[in-house]
Amino acid sequence: MQRPDPARALSALITEASDRLAKRWAREALSEVSNGAMTGRRELKKPLEGHLTELARHLAQRGPSGVALWAESVRHHGGERYEQQYSISDLIREFHALFRALTEEWQRKWGAPPAEVMQLCSDACAQGAASAADDYVRRMRAGRAHLREAAAIDTIVRHVDEGLLAVEGDGTLSYATPPASRILGIDEAELVGLPSSQVGKLIQRLDLRDESGRPLEPGEIPYLEVLTTGRPTRSRWLRLRRPTDHAERVVRADAVAIVENGELRGVVQAIRDRTDEYQQREALAGAYEELRVLHLVLLRRARAAAIGDVARGIAGTLNNAMNAIRLRTTVLTGQGIPSEHLAAIEGSVEEVARLVQRLQESALPRGTAPLELVPIDDVVREALEIVRPELVAAAAGRTLYVSRDLGASASVRARRGDVREIVVHFLLSAIDEAPPDGTVRIMTSVEHEAVRLCLSHPAPTLPRETLTPASDLAAEWGASVSVRASSDGGTELCFDFPVPAEAPAGAPAAVTSPPEIPGPPPGVGPARAVLIVDDDKDNRQVLAELLAARGFDVADAGTAAAAEALAASRPYDAALVDLAMPDKSGWDIVRTLHLLRPAMRIALVTGYEAKAEPGRDVPHVEGVFRKPVDLARLLAFLGEEPGERALSP
């Protein structure tokens, strides 16, 4: 059976028994007032019955949030009691009497009130009492008193299960209730008189932190925040450690401004111990996090199947951005910017370009490239760099070590991308499967005429998606693969590569020579009129500006249609065509431009891997430039000798 809504049930009870509740409230309130009060039971009953009707209406319309609205509607009640010569103690006890009347009426009709109803009644009476007390103090001040004199409510608020702190306009803490002292674990005498300049020491003593565990700054204390902004703070969860018993507690804090005649006179801050409630919420959050982690594991496996498309898309976007940065750096050369700054930018561009190239290589289908000599230590470093963000994220909340001992300094015959993929998959499985405290070890060495790569996993088994491709690829490389238990209870995966004759063990990896700069064919002069075709506006315009500054006659087009129209209207010596265009493939644009201007030299400029070989697969393409573009190679293609024309400032 569905449990009744506490707010609606309480509203119905008040409506049904409003007369009886009002009589009881008035009787119990009158029995506790001091002798100086000038009112009788009948005078007391009528306004109390009206307050009950308002409470029932707000609960029915707005549920638990109606309590705050009701508290505002009874605010004036405090001022009326002040005029009737009630003490503020009488006022607080009056609301305490309402709490007893509501809970006992519920018990009379339905039995013991559930915790939700008790909490709702407590919140209503506490907030109503606080609101009425605020108006009472305001009236009292208007006649004779300052906020410090209002601290007489100390004898009353002992009955409330939440702590109150009163703070002066200068930030001095002038009053603290006993519940506040109990919640914080600090004696009231130590709190009262605390100036704002000493709040930092209070934070240290309480080890006061926000919900995430971050230590608070003094300006983040709710009452100081209200004094700064003049606006109430939203409820905040705070963590603290009580000095009395060193118990970790979680409290909810609210602070409201006390304004008189438009002037901010002080702040009242409420503190509620909500440790049990918070722990229950944390337990639910923990269960949700476990489900989320399981979901991420499934997503990662699905993501691996789509990594090629993702890598290609990311690579193209990054290359466009890096190309624009590199070209703009060239434009800025000689304009008074320190050379070390430009060199740092250029170095960052090169680093990102290398990472992009690794992504593109990872996107290629396995086994599509021929075997080559691969420097094993370099490939391991590349794999670690690719997985670094995942390792950093996985380290949150646990200890996961990655130990590498790279001592091979040798090359093996394999495919670079395949070796890197094996190491990356191994590291990802370590993130998913490793215990909270574990170490992943990666070791390379030269042993008995073989180059060894060993990957040690802290989990007792390796997932099939790591083992199967490892065995298949090792067979292609002519390497042997072994799986065995490691000394720390984990699993060790080792590859033994035969040392290739071309690269003796211990020899440094061969350095690839830079690509040859494609100059114009013999008898062909340098280009003067250049057509730039690129859908990326920033790349297109910066390259055009750069070439124009070096004396070239430049036109640019952002679409295939615009490029073809420009080529038809006048001859160009050379064209630089982006491979990925929105309305037509770069290869198709090349063919059309060649039909329009057979003598025009054409090169592709691309942020992606060009799978065709210029001059053979596409005869009309004489060069391919990867983004970010090497300006020296590009100028050589156009026929300009190094240093032939200086860049205009």
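Details of the structure are given in the entry above.
Predicted model only: the values in this text are computed from it and were never measured.

**Q** Report on helix α4 (residues 66-73), specifying residues and quantitative values.
**A** Considered for burial, the residues of α4 that qualify are G66, V67, W70 and A71. The buried residues of α4 all sit within an arc of 145° when viewed along its axis, so they share a single face.

**Q** Give a detailed account of the state of the cysteines, specifying residues and quantitative values.
**A** A full pass over the atoms with the stated rule returns one disulfide. The disulfide bridge from C454 ends at C494, spanning 2.1 Å between sulfur atoms. Sign of the S-S torsion, about 110° for the bond between C454 and C494, identifies this disulfide as right-handed. Of this pair, C454 sits in strand β11 (residues 450-457) while C494 sits in strand β13 (residues 491-498); the two residues are 40 residues apart in sequence, bridging distant segments of the chain. Exposure remark for C494: the relative accessible area of 1% places this residue in the buried category. There is no disulfide at C121, and the cysteine sulfur nearest it, in C125, is 6.4 Å away. Taking the relative accessible area as the measure of exposure, C125 reaches 6% and is therefore buried.

**Q** Before we move on, can you summarise the pairing of strand β15 (residues 553-557) with the specific residues and values?
**A** Across five bridges, strand β14 (residues 529-533) lies against β15 in parallel orientation. When the sheet's bridge partners are listed, L531 is paired in β15 with A555.

**Q** Tell me what's going on with the environment of R139, and back it up with residues and numbers.
**A** Here R139 lies in helix α7 (residues 115-143). Setting aside residues no more than four positions away along its own chain, R139 makes contact with G79, E80, Y82 and E83. Here E83 takes part through its side chain, which lies 3.4 Å from a polar atom of the side chain of R139.

**Q** Go over the packing of helix α1 (residues 6-16) against helix α6 (residues 88-110), please, and point to the residues and values.
**A** For the pair α1 and α6, interaxial distance at closest approach is 11 Å and the crossing angle is 90°. Between α1 and α6, the crossing angle belongs to the class labelled roughly perpendicular. Contacts between α1 and α6 pair A9, L10, L13, I14 and E16 from the former with L102, E105, W106, K109 and W110 from the latter. Of the residues in the contact of α1 with α6, the class split is seven nonpolar, no polar and three charged.

**Q** Quick rundown of the side chain of S181? Include the residues and the values.
**A** Examined against the element boundaries, S181 turns out to sit in helix α8 (residues 178-184). One polar contact links the side chain of S181 to the main-chain carbonyl oxygen of I186, over a distance of 2.5 Å. In this view, S181 contacts I186, D187 and E188; residues no more than four positions away in its chain are not counted.

**Q** Mind laying out the pairing of β14, listing which residues take part and the relevant values?
**A** Where burial is concerned, most of β14 is hidden: five out of the five residues are buried. Where burial is concerned, the two faces of β14 agree: the one with A529, L531 and V533 and the one with V530 and I532 are both buried. Of the crossover connections in this fold, the one passing from β14 over helix α17 (residues 537-549) to the parallel β15 is right-handed. As paired strands, β14 and strand β16 (residues 574-578) are joined by four bridges and run parallel to one another. Looking at β16, one finds that V530 is bridged to A574.

What counts and how
- Residues numbered from 1 in each chain as written.
- Predicted model: local features only at pLDDT ≥ 70, side-chain atom pairs only at ≥ 80, totals over all residues.
- Heavy atoms only, no water.
- Buried < 20%, exposed > 50% of the residue type's maximum accessible area, 1.4 Å probe, protein only.
- Helix = DSSP H or I, 4+ residues; strand = E, 2+ residues; numbered from the N terminus.
- Arc of directions from axis to C-beta.
- Disulfide = S-S within 2.5 Å.
- Pairing = 2+ DSSP bridges.
- Contact = heavy atoms within 4.5 Å.
- Polar contact = N/O pair within 3.5 Å; in protein donor to acceptor, adjacent residues only side chain to side chain.
- Axes fitted to C-alpha atoms, helices over the stretch in contact; angles between N-to-C directions.
- Parallel < 35°, antiparallel > 145°, perpendicular 65-115°, else oblique.
- Nonpolar A, V, L, I, M, F, W, Y, C, P; charged D, E, K, R; others polar.
- Right-handed = clockwise from strand over helix to strand, strands pointing away.

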